Amino acid sequence: QVQLVESGGGLVQPGGSLRLSCGASGFTFSDYYMRWYRQAPGKERELVAGIRAGGSRNYADSMKGRFTISRDNAKNTVVLQMNSLKPEDTAVYYCNAYRRVVGLEYEYWGQGTQVTVSS
């Protein structure tokens, strides 16, 4: 059974930091492109950051320099370190696992964790 379980969300003041973690099970974690998405109320879900199986990273422009994604294949975990948080970062953050093999796509989602940035 595939599971992605996010943790680490909460309430933080502007300028603060949070560390989101996603634990994975039920699939070969090291083979997957791991991503964090977020969805704010009334908005579409958007990509925050991703880290490929080989370790290369990508970030949405508004997160560059503030957020860092990392993975630990031994622990089946992907982490999103968020610094200098802004009120507009308030959203539900979702962990995503994706792999495409010979035309077949495999994609899994976590249940999400709420991040609220407010004074």
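To be clear, the structure that these remarks concern was listed above.
All values reported here derive from a predicted model rather than from experimental measurement. Sequence order as written defines the numbering, with residues in each chain counted from 1. In keeping with the model being predicted, local features are shown solely for residues with a pLDDT of at least 70 and side-chain atom pairs are shown and tallied solely at 80 or more, while totals for entire chains, interfaces and linings include all residues. Computation of side-chain values: all heavy atoms of the structure, hydrogens and water removed.

1. Observations concerning the sheet that holds strand S3 (residues 18–25)
One requirement defines pairing of two strands: DSSP has to find at least two bridges between them. Helix numbers and strand numbers start at the N terminus; a helix is a DSSP run of H or I with at least 4 residues, a strand a run of E with at least 2. The four strands lie next to each other as S1-S3-S8-S7, forming an open sheet whose pairing is antiparallel. Strand pairing shows two members of the sheet lacking a second neighbour, strand S1 (3–7) and strand S7 (67–72), which therefore form its edges. On average, each strand axis in the sheet is inclined to that of its neighbour by 15°, with strand direction left out of account. Of the strand pairs in this sheet, S7 and strand S8 (residues 77–82) are connected by six bridges, and their pairing is antiparallel. In the sheet register, Thr 68 faces S8, and the bridge partner there is Gln 81. Lines fitted to C-alpha atoms define the axes, with helix axes restricted to the stretch in contact, and inter-axis angles between N-to-C directions lie between 0 and 180 degrees.

2. A word on the state of the cysteines
Note that a disulfide, as used here, is simply two cysteine sulfur atoms within 2.5 Å. Tallying each qualifying case throughout the model produces one disulfide. With a sulfur-sulfur separation of 2.1 Å, Cys 22 is cross-linked through a disulfide to Cys 95. Between Cys 22 and Cys 95 the disulfide shows an S-S torsion of about -85°. By sign, it is left-handed. Highlighted residues: Cys 22 in strand S3 and Cys 95 in strand S9 (residues 91–101), separated in sequence by 73 residues. The two residues Cys 22 and Cys 95 agree in class, both being buried. For each residue, the accessible area found with a 1.4 Å probe, counting protein chains only, is set against the maximum for its type, and the residue is called buried under 20%, exposed over 50%, and partly exposed in between.

3. Notes on unusual backbone geometry
With phi around 55°, Asn 76 is a residue other than glycine that occupies positive phi space. Residue position: Asn 76 is located in the loop between S7 and S8. The phi torsion at Ser 84 lies on the positive side, around 50°, for a residue other than glycine. Along the chain, Ser 84 falls in the loop between S8 and S9.

4. Looking at the nonpolar core
Counting 29 residues, the largest nonpolar core has Met 34, Trp 36, Val 78, Leu 80, Met 82 and Tyr 93 as the members making the most contacts within it. Among the elements of the structure, S3, strand S4 (33–39), strand S5 (46–51), S7, S8, S9 and strand S11 (113–117) are those that each provide at least two residues to this core. Beyond its immediate stretch of four places on either side in the chain, Met 34 contacts Leu 4, Phe 29, Ala 49, Gly 50, Ile 51, Ile 69, Arg 71, Val 78, Cys 95, Asn 96 and Ala 97. Buried Ala, Val, Leu, Ile, Met, Phe, Trp, Tyr and Cys residues form a nonpolar core when they are joined through side-chain atoms within 4.5 Å. We call two residues contacting when some pair of their heavy atoms lies within 4.5 Å.

5. As for the environment of Val 48
Checked against the element boundaries, Val 48 lands in strand S5. When the C-alpha positions of Val 48 and Ala 60 are compared, they lie 5.3 Å apart, and in sequence the two are twelve residues distant. Not counting residues up to four positions away in its chain, the partners in contact with Val 48 are Trp 36, Tyr 37, Arg 38, Tyr 59, Ala 60, Met 63, Phe 67, Leu 80 and Tyr 93.

6. Notes on the side chain of Asn 96
With respect to the element layout, Asn 96 can be found in strand S9. For Asn 96, the contacting residues outside a window of four places in its chain are Leu 4, Tyr 33, Met 34, Arg 35, Tyr 37, Glu 107, Tyr 108 and Trp 109.

7. A word on the environment of Ile 51
Of note, Ile 51 is situated in strand S5. Accessibility expressed as a relative area gives 2% for Ile 51, which makes it buried. With 22 residues separating them along the chain, Ile 51 and Asn 73 place their C-alpha atoms 12 Å apart.

8. Quick notes on the side chain of Arg 71
Position of Arg 71 among the secondary structure elements: in strand S7. We count Lys and Arg on the positive side and Asp and Glu on the negative side, and we leave His and both chain ends out. The term salt bridge refers to a pairing of a side-chain nitrogen on Lys or Arg with a carboxyl oxygen on Asp or Glu at a separation within 4 Å. No salt bridge is formed by the buried Arg 71, whose closest oppositely charged neighbour, Asp 31, lies at an N-O distance of 7.7 Å. A polar side-chain atom of Arg 71 sits 3.1 Å from the main-chain carbonyl oxygen of Ile 51. Residue contacts for Arg 71: discarding those within four places in its chain leaves Phe 29, Ser 30, Tyr 32, Met 34, Ile 51, Arg 52, Ala 53, Thr 77 and Val 78. Pairing of N or O atoms within 3.5 Å defines a polar contact, subject to two protein rules: one partner must be a possible hydrogen donor and the other a possible acceptor, and residues neighboring in sequence count only if both atoms are side-chain atoms.

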